[in-house]
Amino acid sequence: MTTAASVNEGTGNSGDAEGSPVSDSPYALSHLDALESEAVHIFREVAGEFERPVILFSGGKDSIVMLHLALKAFAPAPVPFALLHVDTGHNFPEVIEYRDRVVAEHGLRLHVASVQDYIDRGVLRERPDGTRNPLQTLPLTEKIQAERFDAVFGGGRRDEEKARAKERVFSLRDEFSQWDPRRQRPELWQLYNGRHAPGEHVRVFPLSNWTELDVWQYIARESIALPEIYFAHERDVFKRSGMWLTAGDWGGPKDGEDVVRRQVRYRTVGDMSCTGAVDSDATTLAAVITEIAASRLTERGATRADDKLSEAAMEDRKREGYF
């Protein structure tokens, strides 16, 4: 594990171990401490205000940090929320193995909504491009309704994508789990309005004000374990629409798409059919942080094909009930 000093050195920041300027005040919070405090406050607010919250957990870095914050918010008591994973059937094996290990380690309850079950029943159909990421909405919304979850934590951040930048920390969803941007509520002085009618629920985003760099610096500071695909490794990939995709049974590669072995890593984790890898030699946390600090593209903008279907692809999916 990299040391705090090496992380600082890699980012070129001068200051404390979290890359924040050192204050002369003994009471000043560092940048990461302030973000952590805000997220812990949000978790506790939800615990006090809602009856059946659940944490969306994909095994990706944002949901991992979100679970870590929830563990800190209620320690030494157990996390009072279950986890919910929407399983597309095209997930990276390393991520599923990580998910199951974390659930067992912390004694958590896990709900799984399976896209494959809906396909087998004829409710959903495979897409021509092979990706199942857009098919997650119906299993997610029906699981929320069936389990009567009234607050659903998500790991979305405002820096990822413009539709996510429009959303509040507490985001009201109607009885069909749909999002209406016109129903956004003001959030002044960290006062959050969770009132909702029967059948409605609230999506809650504790990491809204974090950036990708914040997430990685926090992972380094807290020594949080991640799936190995976030670090550079050799992998069989092929190129489609300018991205390196993992070869697999999901439908890739097609004729004319040559599989090559390259050293890559993943900046974000989703369906194998729409999540691209990036060429990288970053095998340590310090190297990843240096790489992210120099990037001018968000991880979704660089490596998520499902966000490139249209200019409003994410907002359209969110209106239908997507994460």
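Residues numbered from 1 in each chain as written. Predicted model: local features only at pLDDT ≥ 70, side-chain atom pairs only at ≥ 80, totals over all residues. Heavy atoms only, no water.

The protein chain appears in an unreviewed UniProt entry as Sulfate adenylyltransferase subunit 2 from Streptomyces alboflavus. The UniProt entry for the protein chain carries the following text under Sequence similarities (unreviewed entry): "Belongs to the PAPS reductase family. CysD subfamily." (UniProt positions renumbered as here; feature names shortened; annotations may be inferred.)

Draft legend 1. Expanded view of unusual backbone geometry. In this structure, P76 follows A75 across a cis peptide bond, with omega equal to 5°. Of note, P76 is situated in the loop between helix 3 (61–74) and strand 2 (82–87). Here the phi dihedral of Q190 falls at roughly 55°; this positive angle occurs in a residue that is not glycine. Not every positive phi belongs to a glycine, and S223 is a case in point at roughly 55°. Within the element layout of this structure, S223 appears in the loop between helix 8 (212–222) and strand 7 (233–240). (Helix = DSSP H or I, 4+ residues; strand = E, 2+ residues; numbered from the N terminus.)

Draft legend 2. Just the pattern of salt bridges, in detail. What the rule picks out here adds up to 20 salt bridges. Two residues, D62 and K61, come together in a salt bridge whose shortest N-O distance is 3.9 Å. Judged by its relative accessible area of 11%, D62 falls in the buried class. Residue class for K61 comes out buried when judged on its relative accessible area of 1%. (Salt bridge = Lys/Arg side-chain N within 4 Å of Asp/Glu carboxyl O. Buried < 20%, exposed > 50% of the residue type's maximum accessible area, 1.4 Å probe, protein only.)

Draft legend 3. Spatial organisation of helix 2 (residues 31–49). For helix 2, which comprises 19 residues, the first-to-last C-alpha distance of 27 Å matches the rise-based estimate of 27 Å (1.5 Å per residue) to within 8%. Listing the buried residues of helix 2 in full gives L32, L35, E36, E38, A39, V40, I42, F43 and V46. (Expected span 1.5 Å × (residues − 1).)

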